[in-house]
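A structural walkthrough
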Amino acid sequence: MIKYLFSFFKQKQESTTFWEHVDDLRKYLFRSVLAIVSLSIVAFFYKDFIFNTLILSPSKIDFITYRALCKFGTFAHIDGLCFQPFKLTLVNIELGGQFRYHILISVITGIIVAFPFIAWQLWLFVKPALKESEMKYTRGLVFYISVLFLIGVLFGYFVITPLTVNFLVTYQLSAEIVNTITIGSYISNVSVLSLSMGLVFEMPVLIYFLTKIGMISSQFLRSYRRHAIVVLFILAGFITPSTDMFSQTLVALPLLMLFEVSIFISKKTESN
């Protein structure tokens, strides 16, 4: 890995001076930031849709995930998949809290929507340093990165988030204890879970590229499977804003599934 990164920057510097290299990076970063800011401003004016329709929906029992699970539970005669109605009341304890989280939600929305453009800018920066033999393995790379990110965000929003919210809201130590949940706690769970799942879903693309350039192999991944399980559970602990084992396990399971898919992709890549 270190050897490859060193050769990457060395090859990058062969065709450009250090300051030209920095100027190129600054140009692509500026474009990415400009795209995020522009889309964040647009999202800022759609407060009702983003917050009431998107952010708060997983906290309501009529959310599509709860309804789909209940229908499947009825079909499969599994009563436990029909969640009981629950009430979530959010409170704001800071003077400028609602305005601050309005801005935060807008920025996160801007990042998610602008991600394909950001990936494209990153590709434009990396592309000149790739060898001709490596270029043929990167066709459609931006498309696959964008699609996997979108799938990850949707998976985090429609699967991980509602199950986590329902579990944490309905969990009780005692009936005498009343949950008082702040707007910051709720938003951090929804946004972090959705955004982080979008990023971790890039694992298959990363494994494909690293296998193609000979940095890893399917045998290497299989031999370190046990180590990967431990690392992925630790990573799940960092991803989940809360510290409960339910949320961490819920995030770790798709990570483990992605790792197994990555092994399959690596093996297929080696045979091609």
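See above for the structure.
Residues numbered from 1 in each chain as written. Predicted model: local features only at pLDDT ≥ 70, side-chain atom pairs only at ≥ 80, totals over all residues. Heavy atoms only, no water.

With respect to the packing of helix 4 (residues 64-76) against helix 7 (residues 141-170)
Here helix 4 crosses helix 7 at 90 degrees, and the two axes come no closer than 9 Å. When the interaxial angle is binned, helix 4 and helix 7 end up roughly perpendicular. The residues of helix 7 that touch helix 4, namely those facing Ile64, Thr65, Tyr66 and Leu69, are Phe158, Pro162, Leu163 and Asn166. The class makeup of the residues in the contact of helix 4 with helix 7 is six nonpolar, two polar and no charged. (Axes fitted to C-alpha atoms, helices over the stretch in contact; angles between N-to-C directions. Helix = DSSP H or I, 4+ residues; strand = E, 2+ residues; numbered from the N terminus. Parallel < 35°, antiparallel > 145°, perpendicular 65-115°, else oblique. Contact = heavy atoms within 4.5 Å. Nonpolar A, V, L, I, M, F, W, Y, C, P; charged D, E, K, R; others polar.)

Some details on a nonpolar patch on the surface
Among the surface-exposed residues, Val33, Val37, Ile41, Val42, Phe45, Tyr46, Phe49 and Leu54 lie close enough to one another that they form a single nonpolar patch of about 790 Å² accessible area. Contributing elements (two or more residues each) for the nonpolar patch: helix 2 (18-44) and helix 3 (47-55). At four residues, helix 2 tops the list of elements feeding residues into the nonpolar patch. Mapped onto the secondary structure, Phe45 falls in the loop between helix 2 and helix 3. (Patch = residues over 30% accessible without salt bridge, like charges linked within 9 Å, V, L, I, M, F, W, Y side chains within 5 Å. Areas by Shrake-Rupley, 256 points an atom, 1.4 Å probe, with all protein chains shown as cover. Salt bridge = Lys/Arg side-chain N within 4 Å of Asp/Glu carboxyl O.)

Description of the layout of surface pockets
Roughly 580 Å³ of internal volume is contained in the second largest pocket. Taken together, 23 residues line the second largest pocket, and the ones lying closest to its centre are Leu168, Val169, Thr170, Asn179 and Ile181. At the level of elements, helix 7 and helix 8 (183-200) are the ones that each hand at least two residues to the lining of the second largest pocket. In terms of residue count, the dominant contributor to the lining of the second largest pocket is helix 7 (six residues). (1 Å grid on protein atoms, 1.4 Å probe; cavity = no way out; pocket = protein on both sides within 12 Å on 5 of 7 lines; lining within 4 Å. Points joined across faces, edges and corners; volume = space filled by probe spheres on them.)

Thoughts on the pattern of salt bridges
Inspection of every chain in the model, using the stated rule, returns two salt bridges. Glu260 is the partner of Arg225 in a salt bridge, and the nearest nitrogen-oxygen pair spans 2.9 Å. Here Arg225, found in helix 11 (residues 225-239), pairs with Glu260, found in helix 12 (residues 245-271); they are 35 residues apart in sequence, far enough to count as distant. Among the residues examined, Arg225 registers a relative accessible area of 29% and is labelled partly exposed. (Buried < 20%, exposed > 50% of the residue type's maximum accessible area, 1.4 Å probe, protein only.)

Considerations on the nonpolar core
Ranked by size, the top nonpolar core spans 24 residues in total, and within it Val251 and Phe259 carry the most contacts. When contributions to this core are tallied by element, the ones reaching two or more residues are helix 7, helix 8, helix 9 (203-212), helix 11 and helix 12. With 19 residues, the next largest nonpolar core counts Ala43, Ile50, Tyr66 and Tyr101 among its residues. (Core = buried A, V, L, I, M, F, W, Y, C linked by side-chain atoms within 4.5 Å.)

Here's the deal with the state of the cysteines
All told, the structure shown has one disulfide when counted by the stated rule. A sulfur-sulfur separation of 2.1 Å characterises the disulfide bridge that pairs Cys70 with Cys82. Here the S-S torsion is close to 90 degrees, and the disulfide linking Cys70 with Cys82 is therefore right-handed. Placement of the pair is Cys70 in helix 4 and Cys82 in the loop between helix 4 and strand 1 (90-91), with a sequence separation of twelve residues. Cys70 gets classed as partly exposed once you look at its relative accessible area, which sits at 27%. Judged by its relative accessible area of 23%, Cys82 falls in the partly exposed class. (Disulfide = S-S within 2.5 Å.)

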